[in-house]
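Coordinate inspection notes
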Amino acid sequence: MELSAVKDTLRIALVGDYNPDVLAHQAIPLAIDDAAAVLDVTADYDWLATTELTSPEDLVGYDAIWLVPASPYKNVDAAFIAARYARENSVPFLGTCGGFQHALIEYARNVLGWQDAAHAETDTSGRMVIAPLTCSLVEQSDMIELRANTLIAKAYGQHEIEEGYHCNYGVSSAFALELEKGDMRVTGWDNQGEIRAVELVTHPFFVATLFQHERAALAGRPAPLVQALLRAAQN
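Now for a quick tour of the structure. None of these values were measured; they are calculated from a predicted model.

1. Some thoughts on the packing of helix 2 (residues 76–89) against helix 3 (residues 98–110)
Closest axis-to-axis distance for the helix 2/helix 3 pair is 9 Å, and the angle between their directions is 70°. What the angle tells us is that helix 2 and helix 3 run roughly perpendicular. Across the interface between the two elements, Val76, Ala79, Phe80, Ala83, Arg84 and Arg87 of helix 2 pack against His102, Ala103, Ile105, Glu106, Tyr107, Arg109 and Asn110 of helix 3. Classifying every residue of the contact of helix 2 with helix 3 by side-chain character gives seven nonpolar, two polar and four charged.

2. With respect to the nonpolar core
Leu59, Ile65 and Leu230 are the most contacted members of the largest nonpolar core, which has 79 residues in total. When residues in this core are grouped by element, the largest group, eight residues, is from helix 2. The residues touching leucine 59, leaving out its near neighbours within four places in the chain, are Ala13, Val15, Leu48, Leu53, Ile65, Ile81, Ala82 and Tyr85.

3. Looking at the pairing of strand 4 (residues 93–96)
On strand 4, burial covers both faces: Phe93 and Gly95 on one face and Leu94 and Thr96 on the other are all buried. Note that the unit made of strand 3 (residues 64–67), helix 2 and strand 4 has a crossover that is right-handed.

4. A closer look at the side chain of arginine 196
Along the polypeptide, arginine 196 turns up in strand 11 (residues 195–200). Here aspartate 190 takes part through its side chain, which lies 3.1 Å from a polar atom of the side chain of arginine 196. Leave out the neighbours within four places in its chain, and arginine 196 touches Phe100, Leu133, Leu137, Ile144, Tyr165, Gly188, Trp189, Asp190, Ala208, Thr209, Leu210 and Phe211.

5. As for the pairing of strand 10 (residues 184–189)
Direction of pairing for strand 7 (residues 140–146) relative to strand 10: antiparallel, over a ladder of two bridges. Bridging from a neighbouring strand, glutamate 145 pairs with tryptophan 189 of strand 10. With five bridges connecting them, strand 10 and strand 11 associate as antiparallel partners. Bridged to tryptophan 189 within strand 11 is isoleucine 195. Joining the antiparallel neighbours strand 10 and strand 11 is a turn of five residues, in which glycine 193 adopts a positive phi near 85°.

6. Brief notes about the sheet that holds strand 7
Pairing is mixed in the open sheet, where nine strands are placed in the order 2-1-3-4-12-11-10-7-8. Each edge of the sheet is formed by a strand with only one pairing partner; in this case those strands are strand 2 (42–48) and strand 8 (160–165). Recorded for the sheet is a direction-independent mean angle of 25° between the axes of neighbouring strands. When strand 3 meets strand 4, the two strands line up parallel, connected through three bridges. By the bridge assignment, leucine 67 is partnered in strand 4 with glycine 95. The strands touched by helix 2 within the sheet are strand 1 (9–15), strand 3, strand 4, strand 11 and strand 12 (206–209), with strand 3 carrying the most contacts at an inclination of about 145°.

7. Let's talk about the sheet that holds strand 6 (residues 127–132)
Strand order in the open sheet formed by three strands is 5-6-9, with mixed pairing between adjacent strands. Of all strands in the sheet, those bounded by a partner on one side alone are strand 5 (117–119) and strand 9 (169–171). Between one strand and the next, the sheet's axes are offset by a mean angle of 35°, whatever the strand orientation. Pairing of strand 6 with strand 9 involves three bridges; the strand directions are antiparallel. Across the sheet, isoleucine 130 pairs through a bridge with valine 171, a residue of strand 9. Of the strands in this sheet, strand 5, strand 6 and strand 9 touch helix 3, which is tilted by about 165° from strand 5.

The rules behind these values
Residues numbered from 1 in each chain as written. Predicted model: local features only at pLDDT ≥ 70, side-chain atom pairs only at ≥ 80, totals over all residues. Heavy atoms only, no water. Axes fitted to C-alpha atoms, helices over the stretch in contact; angles between N-to-C directions. Helix = DSSP H or I, 4+ residues; strand = E, 2+ residues; numbered from the N terminus. Parallel < 35°, antiparallel > 145°, perpendicular 65-115°, else oblique. Contact = heavy atoms within 4.5 Å. Nonpolar A, V, L, I, M, F, W, Y, C, P; charged D, E, K, R; others polar. Core = buried A, V, L, I, M, F, W, Y, C linked by side-chain atoms within 4.5 Å. Buried < 20%, exposed > 50% of the residue type's maximum accessible area, 1.4 Å probe, protein only. Right-handed = clockwise from strand over helix to strand, strands pointing away. Polar contact = N/O pair within 3.5 Å; in protein donor to acceptor, adjacent residues only side chain to side chain. Pairing = 2+ DSSP bridges.

Written out as structure tokens, the structure reads:
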């Protein structure tokens with residue numbers, strides 16, 4: 001049997017509403033370019049505004065999908081389309097901050113049966129998967145413990161990291177109890193045991209973090225998860 005060739009040109013879909021004033025959006029192209037240089041690949045990326053993403057067909061042909069920060073999104077359905085398409089079609093997926101939050105809501109609705117899964121920032125009814133944080137993490141950094149032998153731990157090469165945040169919402173306590181019942185596993189916690197990263201264990205690469213690891217690129221540092229995303233997209 002002939003093995004498929006490793007791709008040397010990648011197409012990355014960046015799903016979100018681009019804003020040049022958002023630090024994470026400034027960082028993402030730098031992080032991708034740095035990762036591509038390390039892996040010696042060409043990575044072409046398209047910003048897909050949520051108002052323009054209306055069907056899964058809009059994502060066909062991309063080697064990876066990144067659901068980026070800066071929610072609430074103008075069209076929240078686009079976020080759910082992106083997460084579901086990546087999940088169901090084994091497309092390498094990265095979700096950060098808002099991407100993390102909406103990937104979990106999509107999973108709750110379409111896998112765990114929480115059809116009324118909701119986000120406290122934008123919804124007034126339903127079961128809250130995403131709830132206000134006890135303490136704001138806007139422009140804060142913190143230590144995160146990573147679960148051993150996971151995609152994220154392998155990407156970083158260590159079990160404790162420090163990363164930055166820009167958010168006021170995280171996983172609700174009610175939904176936290178549900179997560180370990182399925183294939184979406186918690187793979188990162190802060191020092192208080194709050195969920196900060198998850199992975200879909202039945203998927204080649206589906207990783208989401210509340211922290212914005214891509215911002216390392218603004219300081220000239222590599223973003224290990226972006227390298228891992230591109231490496232997964234090559235295959």
